[in-house]
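# Observations on chain architecture
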Amino acid sequence: MDGYLGIIVIVALVAILAVGGLWLLFRPKAKDLPPAPPAPPEPKAPVAEEPAKPGLGEQDGGTTTTLPPPAPPLEELIKAPEIEVPPPSAGRMVRLRGRLARSQNVLGRGLLELLSRDRLDDEVWDEIEETLITADVGVAPTRAMVEELRTKVKVLGARTPVEVRRLLREELLAQIAPDLDRTLHTRPHGERPAVVLVVGVNGTGKTTTSGKLARVLVGDGGKVVLGAADTFRAAATDQLQTWGDRVGAGVVRGPEGGDPASVAFDAVAKGIEDKADTVIIDTAGRLHTKTGLMDELGKVKRVIEKKATVDEVLLVLDATTGQNGMRQAQVFAEVVNVTGIALTKLDGTAKGGIVISVQRELGVPVKLVGLGEGPDDLAPFDPDVFVDALLGD
Ligand SMILES: Nc1nc2c(ncn2[C@@H]2O[C@H](COP(=O)(O)OP(=O)(O)OP(=O)(O)O)[C@@H](O)[C@H]2O)c(=O)[nH]1
């Protein structure tokens, strides 16, 4: 019985080994397995937080993707505009004297030539008068000048070229009134900035002068805020923004067609907040009706005066427009209390005599002169340099 049991156990063992060996031989291979379900995609990190590196590929489901070149850093894209440091204004008119000498030859040199003639008869005096009138000196100042010159020439008798030059220089200077106070009031009052209101007819160079003046003041070490209260013309606002950006002056602007007084108010508020020295306000000053102009500028002024004082009302006048420009200037002078004149485009006209007539007719000094289109071509007016430029060295 025991013998049978041993045989059964051995047979069972052989059978188990045989089945195991067969299984090893015929077991299913890996390639026959069904594919594994795809893994859920990894959530992608936001680009800004994990910028891709140049040239790096990405393994994704067994395929290689080449990434586009990375965007440059944001700071490089939004480059801060370079702030310019304009030159100081002192001696600027001397440097720009050449511009006057070129355009004012007829007036200065013409008068010198006439006065140097041996015989000064009525015909020559008529020519002298005509030269002065043509140069926009104005009728009344011309008469006064001719009268004075006639008397002095009589007293002098024979004239050397040096004497003629001295005589004419004295007379022109007297007409320009060198003793007038031409100080531009741009210094702050304690916590409050000075306010300069720039008025004038469109196209005279008002916006350009506001921008150039900002450069003058920044060049002289001041801090400036510009108010684009010429809301009538969108381009004027953009123009002013560019001027401000170039020298790092803040620009306050309003919506196109918005209320100029509200822009002026905000500009003064910003000037106070930023501790600026000067706030320059470029106004629209449309001359459709005198009452309209009076209302607009009057409101701008009243609103500014809620926060500060208007220290300077600068009337911009285009020197090339002659008597027509003078008439428009008079309307402005009747509407606001003009405290100074900025005479632009003096480089492009032979009519420098307008300096004399405008001061006389408006009773206000020329404080600034525009002598070109360049950003630093606005100079504090210096009567001596002006007359010397007219007469040549
Ligand atoms: N040659 C010369 N050109 C000047 C001078 N001042 C201004 N201009 C030019 O005159 C043109 C008119 O100037 P703007 O400043 O746009 O005139 P605006 O009075 O502000 O005109 P609106 O913005 O319409 O009110 C521009 O081309 C200026 O470059 C100057 O002194 N000399």
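Residues numbered from 1 in each chain as written. Predicted model: local features only at pLDDT ≥ 70, side-chain atom pairs only at ≥ 80, totals over all residues. Heavy atoms only, no water.

### Examining the site of the ligand
Residues in contact with the ligand amount to 20 residues; listed here are only the nearest, K206, T207, T208, R233 and E373. D230 is positioned with one of its side-chain polar atoms (N or O) 3.5 Å from an oxygen atom of the ligand. The side chain of R233 places a nitrogen or oxygen atom 2.4 Å from an oxygen atom of the ligand. Coverage of the ligand by the protein amounts to 81% of the 650 Å² it exposes when considered alone. Where the shell around the ligand is concerned, the elements lending two or more residues are α9 (206-219) and α10 (234-247). No other element matches α9, which puts 4 residues into the shell around the ligand. Residues belonging to the shell around the ligand are distributed by class as follows: 3 nonpolar, 10 polar and 7 charged. (Near = heavy atom within 4 Å. Polar contact = N/O pair within 3.5 Å; in protein donor to acceptor, adjacent residues only side chain to side chain. Areas by Shrake-Rupley, 256 points an atom, 1.4 Å probe, with all protein chains shown as cover. Helix = DSSP H or I, 4+ residues; strand = E, 2+ residues; numbered from the N terminus. Nonpolar A, V, L, I, M, F, W, Y, C, P; charged D, E, K, R; others polar.)

### Some remarks on the UniProt feature "domain: SRP54-type proteins GTP-binding" (unreviewed entry) in the protein chain
The feature "domain: SRP54-type proteins GTP-binding" (unreviewed entry), as annotated in UniProt, sits at residues 365-378 in this numbering. Summarising residues 365-378: 0% helix, 43% strand, and an end-to-end C-alpha distance of 16 Å. (UniProt positions renumbered as here; feature names shortened; annotations may be inferred.)

### Points about helix α15 (residues 383-391)
Here α15 lies mainly inside the structure; 8 of its 9 residues are buried. Listing the buried residues of α15 in full gives P383, V385, F386, V387, D388, A389, L390 and L391. As for α15, its buried residues are in contact with α3 (92-95), α4 (97-103), α5 (105-115), α8 (161-176) and α14 (354-362). The residue sitting at the N-terminus of α15 and contributing the capping side-chain oxygen is D382; that oxygen lies 3.1 Å from the backbone nitrogen of D384. Backbone geometry just after α15 places G392 at a positive phi near 75°. (Buried < 20%, exposed > 50% of the residue type's maximum accessible area, 1.4 Å probe, protein only. Contact = heavy atoms within 4.5 Å.)

### Digging into the pairing of strand β4 (residues 224-229)
Along β4, 6 of the 6 residues are buried, which leaves the element largely enclosed by surrounding structure. Here β4 shows a buried face lined by V224, L226 and A228 and a second buried face lined by V225, G227 and A229. With 6 bridges joining them, β4 and strand β6 (residues 278-283) adopt parallel strand pairing. What sits directly across from L226, in β6, is I280. Looking at chain direction, β4 and strand β5 (residues 250-253) are connected through 4 bridges and run parallel. When the bridges of β5 are listed, V225 appears paired with G250. Crossover connection from β4 via α10 to parallel β5: handedness right-handed. (Pairing = 2+ DSSP bridges. Right-handed = clockwise from strand over helix to strand, strands pointing away.)

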